[in-house]
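Structural description and commentary
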Amino acid sequence: MIYKSLGKTGTKISALGLGCMGMSEFYGQRDDVESIATLHAAVDAGVNFIDTADMYGPHTNEVLVGKAIADRRSEVVLATKFGNVRDPANPTFRGVNGKPDYVRACCDASLKRLNVDVIDLYYQHRVDKNTPIEETVGAMAGLVKEGKVKWLGLSEASVDTIKRANAVHPIEAVQSEYSLWSRDMEEAGVIDLCREMGMTYVAYSPLGRGFLTGQFKKLEDFEPDDFRRNHPRFQGDNFQKNLNLVTKIEEIAAAKKVTAAQLALAWVMAKGDWIVPIFGTKRRTFLMQNLEALDVKLTPAEMKQIEAVAPLHAAAGTRYAAEGMKAVNV
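Below is a short write-up of the structure. (Residues numbered from 1 in each chain as written. Predicted model: local features only at pLDDT ≥ 70, side-chain atom pairs only at ≥ 80, totals over all residues. Heavy atoms only, no water.)

Overview of the nonpolar core
When a protein is soluble and globular, its nonpolar side chains tend to lie buried together. Note the threshold: Here, nonpolar core refers to any group of buried Ala, Val, Leu, Ile, Met, Phe, Trp, Tyr and Cys residues whose side-chain atoms link them within 4.5 Å. Partly exposed residues are those whose accessible area sits between 20% and 50% of the maximum for their type, while under 20% is buried and over 50% is exposed, using a 1.4 Å probe and protein chains only. Think of it this way: any DSSP run of H or I at least four residues long counts as a helix, any run of E at least two long counts as a strand, and we number them from the N terminus. Whether two residues touch is decided by their heavy atoms; if any such pair falls within 4.5 Å, the residues are in contact.
Grouped together as the largest cluster of nonpolar side chains are 87 residues, with contacts concentrated most on Leu18 and Tyr201. Top element by residues in this core is helix H9 (residues 260-270). It accounts for nine residues. Residue contacts for Leu18: discarding those within four places in its chain leaves Met23, Leu39, Ala42, Val47, Phe49, Ile50, Asp51, Ile278, Phe279 and Thr281. Formed by 15 residues, the second largest nonpolar core is a distinct cluster that contains Val77, Leu121, Tyr123 and Ile278.

Take a look at the structure:
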């Protein structure tokens, strides 16, 4: 395993992290037994950066992760998030809340579900446009003083928001979507800002929600309850246009004798030492295949070749549906 610094904390995290969202929701049927086995296999392989959130499930993913790491706590840098509001009684409801009282209540609830004494990295999942970031981060800083949280992070935050937040309390990590078909954060300046300010940039969905793996060739390949069936990039003409993009990536990968997923992960890692991708999987087979991306080295010529077929705005369709895009603070 290769390790990188988490922001300015001095703590080392694995160069590839494991995102656990799909183990509990969104990507088809759950299999807790296999998911826990996958988490154990990840830690055995040296993956110490584990990512969850209170909204995944909702709430059940934190319980699952807590159960999986119960006897491995010292081996894990545990990240979770608050701010995306869910209602178990109304699965379609989505809200955003960054009010101080809500921040504190969420932290206490997450600690209980995870069954841990402290959260290593605590993110605001989405920026609350109705609450000044200074108030939200002020409350988060209070959690650090109380010993409930070690370090703070933001997710899907703009350059201005990150700077304002960091003025209140050091921000060690910023998480946003980043992959060969989601390069928005390059234009937004967020990735460069993280480098300049010594923050880790955590790239979620580095495999394009699984599409960049080449596994999916038609909409019917997704399980009936998979949310990707309703995702803009998987609908109508967008599906075929994006499939054409993946085909080109597969061709480059085949010439290098690696999988499309390994190539996509290697590309993200090659974009900067301060960038750490977190891929999601609930199966040990895909976990081990993806970790082989650590051995894939891309030359400048190969990077140029890859980016020629996957330039900025290469993907057809938005990253989220209209409501989801409203919560992206860029």
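Some words on the sheet that holds strand E5 (residues 77-82)
Cut-off, in case you're wondering: Think of it this way: DSSP has to see at least two bridges between two strands before they count as a pair. For helices, the fitted axis covers only the stretch in contact; all axes are lines through C-alpha atoms, and the angles between them, taken along N-to-C directions, range from 0 to 180 degrees.
Read around the closed barrel, the eight strands follow the order E3-E4-E5-E8-E9-E10-E11-E12; overall the barrel is parallel. In this sheet, neighbouring strand axes are inclined to one another by 30° on average, regardless of whether the strands run parallel or antiparallel. Its contacts with the sheet put helix H7 (residues 190-197) on strand E10 (171-177), strand E11 (200-204) and strand E12 (275-280), and the angle it makes with E11 is roughly 150°.

Quick word on the layout of surface pockets
As a reminder of what qualifies: Definitions used for this entry: grid spacing 1 Å over protein atoms alone; cavity, a set of points where a 1.4 Å probe fits but cannot get out; pocket, an open set with protein on both sides within 12 Å along at least 5 of 7 lines; lining residue, one with an atom within 4 Å of a point. Grid points are joined across faces, edges and corners, and a volume is the space filled by probe spheres set on the points. Under the grouping applied here, Gly and all other residues not named as nonpolar or charged are polar, the nonpolar ones being Ala, Val, Leu, Ile, Met, Phe, Trp, Tyr, Cys and Pro and the charged ones Asp, Glu, Lys and Arg.
Each pocket or cavity is described by its volume, and for the second largest pocket that value is around 180 Å³. Contributing to the lining of the second largest pocket are Ile2, Lys4, Ala15, Ala266, Met269, Ala270, Asp273, Ala293, Leu294, Val296, Lys297 and Leu298. In terms of residue count, the dominant contributor to the lining of the second largest pocket is H9 (three residues). Tallied by class, the residues present in the lining of the second largest pocket amount to nine nonpolar, no polar and three charged.

By themselves, these figures tell us nothing about what the structure is for.
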